[in-house]
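# Coordinates in review
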Amino acid sequence: MDHILVTGSLGQLGSELVPALQVKYGRIGVIATDNHPPAGDDYPGQFHLLDVLNKAAIQETIEKYQITQIYHLAAILSANAEKNPALAWRINMDGLLNVLEIAREAGISKVFWPSSIAVFGPDSPKTHTPQNTLMNPNTIYGITKVAGEKLCAYYNEKFDMDIRSLRYPGLVGYKSLPGGGTTDYAVEIYHQAARSGSFTCPLAENTALPMMYMPDAVRATLELMAADKKSLCVKTSYNLAGISFAPKEIYAAIVRHCPDFMIAYSPDFRQQIAASWPDSIDDSAAQKDWNGKWRTISKG
Ligand code: NAD
Ligand code: SER
């Protein structure tokens, strides 16, 4: 029986991935962890405090719960990372190295680690950005994701491990709040429309970015993890595509339902990050290798 460890489980992705994993493995089979406790007393499942910088604590948790798979989600996202690059490097890189080393030593059968469209940079093709192309990010977050991808590929090859990864686009869902990314505006705008009737957008109105509806991202993750290892040719991380839109398009969509909703554009440091990322993504490698059908909802 599989026992799943999820790090950074209280974040935007973990809040929706953990329930999906619980459906598959049962509440008893999923150990959700984070470096702070959940809000409220009633966490729906097993929760354990765990800082990914504490290697001994990860080791202990893995032994205690007889973990067989790890979903390593803990990270500092792009906008927060720019505010504290040294901390971002520590959590994103030392945390990943801790998890990979422990997984190797413990013979953990599978690891999932998310990468991002942030691996691409200003000199990558802007539209339908291919799986393999120039990857010269100019953000510390993107640099940790490129380095993380290389580290995962190294462990896969050198130690014959099974670490799988997706380059998520900006994730958009209504069940959880985002945690300091550049694409967060696409979630916050809905909350502000409902709460205050106005929104100040940190990106310029025409800044298109690749995005994905959270249930599609969760489904893609579970499908990738269930795929036959032999069919997975990409040892770094798979491009993943949903939809692409700019702030003015999401505003127009909301105004159709809330005619009084107002938007002001006040681009800040996040504009420069967004401008360095692709407008849209080519995920044909993922479609070919594991026949993902995750786009049904995003395209619908
Ligand atoms: P998030 O910021 O919402 O959640 C990250 C979680 O990590 C938080 O709950 C935080 O408390 C935890 N964390 C931070 N430092 C930690 C530490 N030292 N030990 C343990 N936990 C720690 O981020 P998310 O959106 O849930 O992202 C999850 C993963 O997916 C990250 O690797 C991120 O880079 C990747 N990703 C997310 C998006 C997106 O749009 N949300 C897009 C691409 C990739
Ligand atoms: N959505 C993430 C961010 O904006 C991209 O990985 O940081």
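Note: the structure precedes this text.
Quick summary incoming for the structure in this document. (Residues numbered from 1 in each chain as written. Chains lettered and ligands numbered in written order. Predicted model: local features only at pLDDT ≥ 70, side-chain atom pairs only at ≥ 80, totals over all residues. Heavy atoms only, no water.)

Lining the immediate surroundings of ligand 1 are 27 residues, of which Gln12, Leu13, Asp34, Tyr141 and Leu171 lie closest. Asn35 has a polar side-chain atom sitting 3.3 Å from an oxygen atom of ligand 1. Protein burial of ligand 1: of its 830 Å² of free accessible surface, 92% is covered by the chains. Put simply, ligand 1 lies in the largest pocket. Taken together, the elements giving at least two residues each to the shell around ligand 1 come down to β6 (115-116), α5 (140-158) and β9 (170-172). When its residues are assigned to classes, the shell around ligand 1 shows 14 nonpolar, 10 polar and 3 charged. (Near = heavy atom within 4 Å. Polar contact = N/O pair within 3.5 Å; in protein donor to acceptor, adjacent residues only side chain to side chain. Areas by Shrake-Rupley, 256 points an atom, 1.4 Å probe, with all protein chains shown as cover. 1 Å grid on protein atoms, 1.4 Å probe; cavity = no way out; pocket = protein on both sides within 12 Å on 5 of 7 lines; lining within 4 Å. Sits in = over half its atoms within 2 Å of the grid points. Helix = DSSP H or I, 4+ residues; strand = E, 2+ residues; numbered from the N terminus. Nonpolar A, V, L, I, M, F, W, Y, C, P; charged D, E, K, R; others polar.)

Let us now look at the site of ligand 2. The immediate surroundings of ligand 2 are formed by Leu77, Ser78, Ser116, Tyr141, Gly170, Gly181, Thr182, Thr183 and Trp277. At a separation of 2.6 Å, an oxygen atom of ligand 2 approaches a polar side-chain atom of Ser78. Between ligand 2 and Thr183, the relevant distance is 2.7 Å, taken from a nitrogen atom to a side-chain nitrogen or oxygen of the residue. Summarising the interface, the protein chains cover 93% of the accessible area of ligand 2, which totals 240 Å² for the free molecule. For the shell around ligand 2, the per-class residue count stands at 3 nonpolar, 6 polar and no charged.

Applying the stated criterion across every chain, the model contains 10 salt bridges. For Asp279, the salt bridge goes to Lys126, with nearest N and O atoms at 4.0 Å. Taken together, the residues span a long stretch of sequence, with Asp279 in the loop between α9 (269-275) and α10 (284-290) and Lys126 in the loop between β6 and α5 at a distance of 153 residues. A relative accessible area of 24% places Asp279 in the partly exposed class. As a salt-bridge pair, Asp268 and Arg270 come within 2.7 Å of each other at their nearest N and O atoms. (Salt bridge = Lys/Arg side-chain N within 4 Å of Asp/Glu carboxyl O. Buried < 20%, exposed > 50% of the residue type's maximum accessible area, 1.4 Å probe, protein only.)

This paragraph deals with the packing of aromatic side chains. Within the structure shown, the criterion is met by 8 aromatic pairs. On the basis of an interplanar angle of 55° and a centroid distance of 5.4 Å, the ring pair of Tyr43 and Phe47 is categorised as tilted. Plain terms: the ring middles of Tyr154 and Phe159 are 6.2 Å apart, the flat faces sit at 90° to each other, and that makes the pair edge-to-face. Taking the relative accessible area as the measure of exposure, Tyr154 reaches 43% and is therefore partly exposed. By relative accessible area, Phe159 is classed as partly exposed at 31%. (Phe/Tyr/Trp six-rings, centres within 6.5 Å; stacked < 30°, edge-to-face > 60°.)

Attention now moves to the layout of surface pockets. Think of a ball as big as a water molecule: rolled over the atoms, this probe shows where empty space is left. Considered as a void within the structure, the largest pocket measures approximately 800 Å³ in volume. Among the secondary structure elements, those contributing two or more residues to the lining of the largest pocket are α3 (78-83), β6, α5 and β9. Its residues assigned to classes, the lining of the largest pocket shows 20 nonpolar, 16 polar and 4 charged. Each pocket or cavity is described by its volume, and for the second largest pocket that value is around 310 Å³. As for the second largest pocket, its lining consists of 16 residues, and the residues nearest its centre are Val172, Tyr190, Tyr213, Phe245 and Ile250. Where the lining of the second largest pocket is concerned, the elements lending two or more residues are α6 (185-195), β11 (209-213), β13 (243-245) and α8 (247-255). With 4 residues, α6 is the single largest residue contributor to the lining of the second largest pocket. Along the lines of polarity and charge, the residues of the lining of the second largest pocket split into 12 nonpolar, 3 polar and 1 charged. (Points joined across faces, edges and corners; volume = space filled by probe spheres on them.)

Taken in spatial order, the 3 strands of this open sheet run β6-β8-β12, and their pairing is parallel. Each end of this open sheet is capped by a strand with a single partner; those strands are β6 and β12 (238-239). Looking at chain direction, strand β8 (residues 166-168) and β12 are connected through 2 bridges and run parallel. Within the sheet, the bridge partner assigned to Leu166 lies in β12 and is Tyr238. Strand contacts of helix α7 (residues 214-226): β8 and β12, with the helix running at about 175° to β8, the strand carrying the most contacts. (Pairing = 2+ DSSP bridges. Contact = heavy atoms within 4.5 Å. Axes fitted to C-alpha atoms, helices over the stretch in contact; angles between N-to-C directions.)

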